[in-house]
Amino acid sequence: MPIGGLSRRTVPGCVKEIQCEIFESETTTDDSLYEVFACSPSKMRSFDAILRADIVDVDALKQAAWHGIPARLRATCWMILARYMPTNRSRRDRDMARKRKDYWDYVKQYYNTDACIREDGAISNPNSSSVAAEEITTRRQIHIDVPRTNPKMALFHSKAIRLSLERILNVWAHRHPGSGYVQGINDLVTPFIIVFVSQQIEGVASSTNQQEVNEKLAGASPGVLDEIEADTYWCFAAMLTSIHHLFTFGQPEVLEMVHKCSTVVARVDAPLHSHLCAHGLDFIQFAYRWMNCLLLRELPVTLSVRLWDTYLAEGDAFPVLHVYVCAALLMHWSEKLRRCDFTELMLMLQALPTQELSGVDFDTLLSKAHLMRELYESSPSHLR
């Protein structure tokens, strides 16, 4: 049966669960575009106090960030939670300047300009002795995937952003040969680009006018886009450290996560699971993408960014929570799904109506996911 009494809104604290206040956003300004919850003055003061400390209390930041970060503070919080920005304020400028330089050194080292990709996807100089066959294959696949990345946002149609994304993915592939580049990794870069660009260039991420986006990016202060790209790479790389094993050959651990999601739904919402099975649906037909792309293709940008507040607060534990988030997301539409036939099920599961979710809905969903994890993860026998 669906979760009933477990719907209270709680989030994990350092010692105990704490109640989470919810404030629905009523504003539509650019500053609040990626704000699912409007911030109360007390919430803003809490974040300000944490971030203004000479040495940031990371545990306090994680606890606060779990249930949403104010938009204007999100970039800073994400960099700290990704262990990229030092918690010690006195070291930030020096350490971040060094890391940004390191990234651009990697670009020079790994982004082999001998293997330039033409517009038609062909390699301009495939016979160069400095270009390995494997590198050519990777470069070509990344070049194909970049234009497909978040196609609904004008920001990702910009040549500057596409080139940044291409460099980031190529550097990642070179520095992580165990997994290399796998389709779907390109999606995982996008939340960082959106948040960091929004912080530095007002209005560019929310604009639907391609010319306006291009002009705003072109008019950015010198060096800003280079900083955004380096910051994005390091935070993206840190987050993928927790899940790089998902992208090994054959992706067996992604399949494991899909199976676990099915098991959770069978235990918590047996009627829904039985209905899906009766119509011949296997979770692999829809949940594989949910695991591989961390729901970024299923959720609107506002909710994707809000979800990553929680995932970055979770640290290395977020992949475990993600399985339960996917289960909670599916069960949110349990009643409607149980009225669908096979064709209707496939259509709905391939494009869940997540745009209908309010901030309160999403907060409740995350709370249910957390509570299911607390109930079942420490006692796996409960899932049998």
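Given the structure is predicted, the values throughout are model-derived calculations rather than measurements. Within any chain, residue numbers begin from 1 and follow the written order of that chain's sequence. Totals for whole chains, interfaces and linings use every residue, but because this is a predicted model, local features are given only for residues with pLDDT of at least 70 and side-chain atom pairs only at 80 or more, for both listing and counting. Hydrogen atoms and water are omitted, and side-chain values are computed over all heavy atoms in the structure.

Draft legend 1. Local environment of the overall build of the chain. Labels follow the DSSP assignment, with helices taken as runs of H or I lasting at least four residues and strands as runs of E lasting at least two, numbered in each case from the N terminus. Secondary structure assignment for the chain yields 17 helices and two strands. Evaluated residue by residue, the chain yields a buried proportion of 53% over its 384 residues. Here the contacts in the chain between residues at least 6 apart in sequence split such that 72% fall between residues at least 24 apart. When the accessible surface of the chain is summed, it comes to about 17,500 Å², and 51% of that surface belongs to carbon and sulfur atoms. Type-normalised accessible area, obtained with a 1.4 Å probe on protein chains alone, sets the label of each residue: buried when under 20%, exposed when over 50%, and partly exposed for intermediate values. Any two residues whose heavy atoms approach within 4.5 Å are treated as being in contact. What sets the accessible areas is the Shrake-Rupley method with a 1.4 Å probe; for residues, cover comes only from the shown protein chains.

Draft legend 2. Spotlight on the layout of surface pockets. Each cavity reported here is a set of points on a 1 Å grid over the protein atoms alone in which a 1.4 Å probe fits but cannot get out, each pocket an open set with protein on both sides within 12 Å along at least five of seven lines, and each lining residue one with an atom within 4 Å of a point. Grid points are joined across faces, edges and corners, and a volume is the space filled by probe spheres set on the points. Empty space within the largest pocket amounts to approximately 510 Å³. Together, 23 residues line the largest pocket, and Asn 150, Lys 152, Leu 296, Arg 297 and Leu 299 are the ones closest to its centre. When residues of the lining of the largest pocket are traced back to their parent elements, those giving at least two are α7 (185-200) and α13 (301-314). In terms of residue count, α7 provides more of the lining of the largest pocket than any other element does, four residues in total. Residue polarity is assigned by list, with Asp, Glu, Lys and Arg as charged and Ala, Val, Leu, Ile, Met, Phe, Trp, Tyr, Cys and Pro as nonpolar; anything else, Gly included, falls into the polar class. Residue composition of the lining of the largest pocket, grouped by class: eleven nonpolar, six polar and six charged.

Draft legend 3. How the structure looks around helix α2 (residues 58-65). Looking at α2, one finds that the buried residues are Leu 61, Ala 64 and Ala 65. Along the axis of α2, the buried residues cluster in a sector spanning 95°; they form a single face. Think of it as the arc spanned by the lines of direction from the helix axis to the C-beta atoms.

Draft legend 4. Examining the nonpolar core more closely. One finds Leu 155, Phe 236, Trp 308 and Leu 330 to be the most contacted residues of the largest nonpolar core, which totals 121 residues. Not counting chain neighbours up to four residues away, the residues in contact with Leu 155 comprise Ile 161, Ile 193, Ile 194, Val 197, Val 204, Ala 205, Val 213 and Leu 217. Only buried Ala, Val, Leu, Ile, Met, Phe, Trp, Tyr and Cys residues count toward a nonpolar core, and they belong to the same one when joined by side-chain atoms within 4.5 Å.

Draft legend 5. Main features of the packing of aromatic side chains. Aromatic contacts are taken between Phe, Tyr and Trp rings whose centres are within 6.5 Å, Trp giving its six-membered ring; a plane angle under 30 degrees counts as stacked, one over 60 as edge-to-face, and the others as tilted. Under the definition given, this model contains twelve aromatic pairs. Taken together, the ring pairs in this structure connect Tyr 103, Trp 104, Tyr 106, Tyr 110, Tyr 233 and Trp 234 into an aromatic cluster. Here, over-ring charges are defined by two tests on the NZ atom of lysine or the CZ atom of arginine: distance to the ring centre within 6 Å, and angle to the ring normal within 35 degrees. The ring of Trp 234 has Lys 99 sitting right over it, with the charged end atom 3.5 Å from the ring centre. Looking at Arg 175, its charged tip hangs above the ring of Tyr 106, at a distance of 4.1 Å from the centre.

Draft legend 6. Looking closely at the pattern of salt bridges. In what follows, salt bridge is the name for a side-chain nitrogen of Lys or Arg lying within 4 Å of a carboxyl oxygen of Asp or Glu. Tallied over the full model, the rule gives 16 salt bridges. The residue Glu 298 makes a salt bridge to Arg 289 at a minimum N-O spacing of 2.8 Å. Across the salt bridge formed by Arg 373 and Glu 314, the nearest N and O atoms sit 2.6 Å from each other. Taken together, the residues Arg 373 in helix α17 (residues 359-376) and Glu 314 in helix α13 connect sequence positions 59 residues apart. For the pair formed by Arg 373 and Glu 314, the shared burial category is buried.

Draft legend 7. Local environment of the side chain of Ser 158. Following the sequence through the fold, Ser 158 ends up in the loop between α5 (133-145) and α6 (159-175). Setting aside its immediate chain neighbours within four residues, Ser 158 contacts Gln 210, Val 213, Asn 214 and Leu 217.

Draft legend 8. Region of interest: the side chain of Asp 145. In this structure, Asp 145 sits in helix α5. The contacts of Asp 145, once residues within four sequence positions are left out, are Tyr 181, Gln 183 and Asn 186.

Draft legend 9. Highlighting helix α4 (residues 92-110). For a helix, the expected span equals 1.5 Å multiplied by the number of residues minus one. Here α4 spans 26 Å end to end across 19 residues, near enough to the 27 Å set by a 1.5 Å rise per residue. Along α4, the residues classified as buried are Arg 92, Asp 95, Met 96, Arg 100, Tyr 103, Tyr 106 and Val 107. Viewed end-on, α4 has its buried residues packed into an arc of 135°, placing them on one side of the element. Those residues of α4 that are exposed and aimed more than 90 degrees away from the buried face are Asp 93, Arg 94, Lys 101, Lys 108 and Gln 109. Each element contacted by the buried residues of α4 is listed here: α1 (41-52), α3 (71-81), α6 and α9 (224-241).

Draft legend 10. Examining the packing of α6 against α7 more closely. Each axis is a line fitted through C-alpha atoms, and for a helix only the stretch in contact is used; angles between axes span 0 to 180 degrees, taken between their N-to-C directions. One can describe the packing of α6 onto α7 by two numbers: an axis separation of 11 Å at closest approach and a directional angle of 130°. Accordingly, the angle class assigned to the pair α6 and α7 is oblique. Remark: the crossing between α6 and α7 carries right-handed chirality. In contact with Ile 161, Leu 165, Ile 168, Leu 169 and Trp 172 of α6, α7 contributes Ile 185, Asn 186, Val 189, Ile 193 and Val 197. In terms of residue class, the contact of α6 with α7 is made up of nine nonpolar, one polar and no charged. Throughout, the term roughly parallel applies to angles under 35 degrees, roughly antiparallel to angles over 145, roughly perpendicular to angles from 65 to 115, and oblique to all others. What makes a crossing left-handed is the near helix being turned counterclockwise from the far one by less than a right angle; a clockwise turn instead makes it right-handed.

Draft legend 11. Structural view of empty space enclosed by the protein. Taken as a whole and judged by the stated rule, the model has four cavities of 30 Å³ or more. One number sums up the size of the largest cavity: a volume of about 90 Å³. In terms of lining, the largest cavity is formed by Leu 81, Ala 82, Arg 83, Ala 238, Met 239, Ser 242, Tyr 311, Leu 312, Gly 315, Asp 316 and Phe 318. Every element with two or more residues in the lining of the largest cavity is listed here: α9 and α13. Residues of the lining of the largest cavity, tallied by class, amount to seven nonpolar, two polar and two charged.

Draft legend 12. Region of interest: the confidence of the model for the chain. A score between 0 and 100, pLDDT records how confident the predictor is in each residue. For the chain, per-residue confidence averages 86 on the pLDDT scale, and 83% of positions sit at 70 or higher. Per-residue pLDDT stays below 50 along residues 1-32; that stretch engages in 75 contacts with residues further than four places along the chain or on separate chains.

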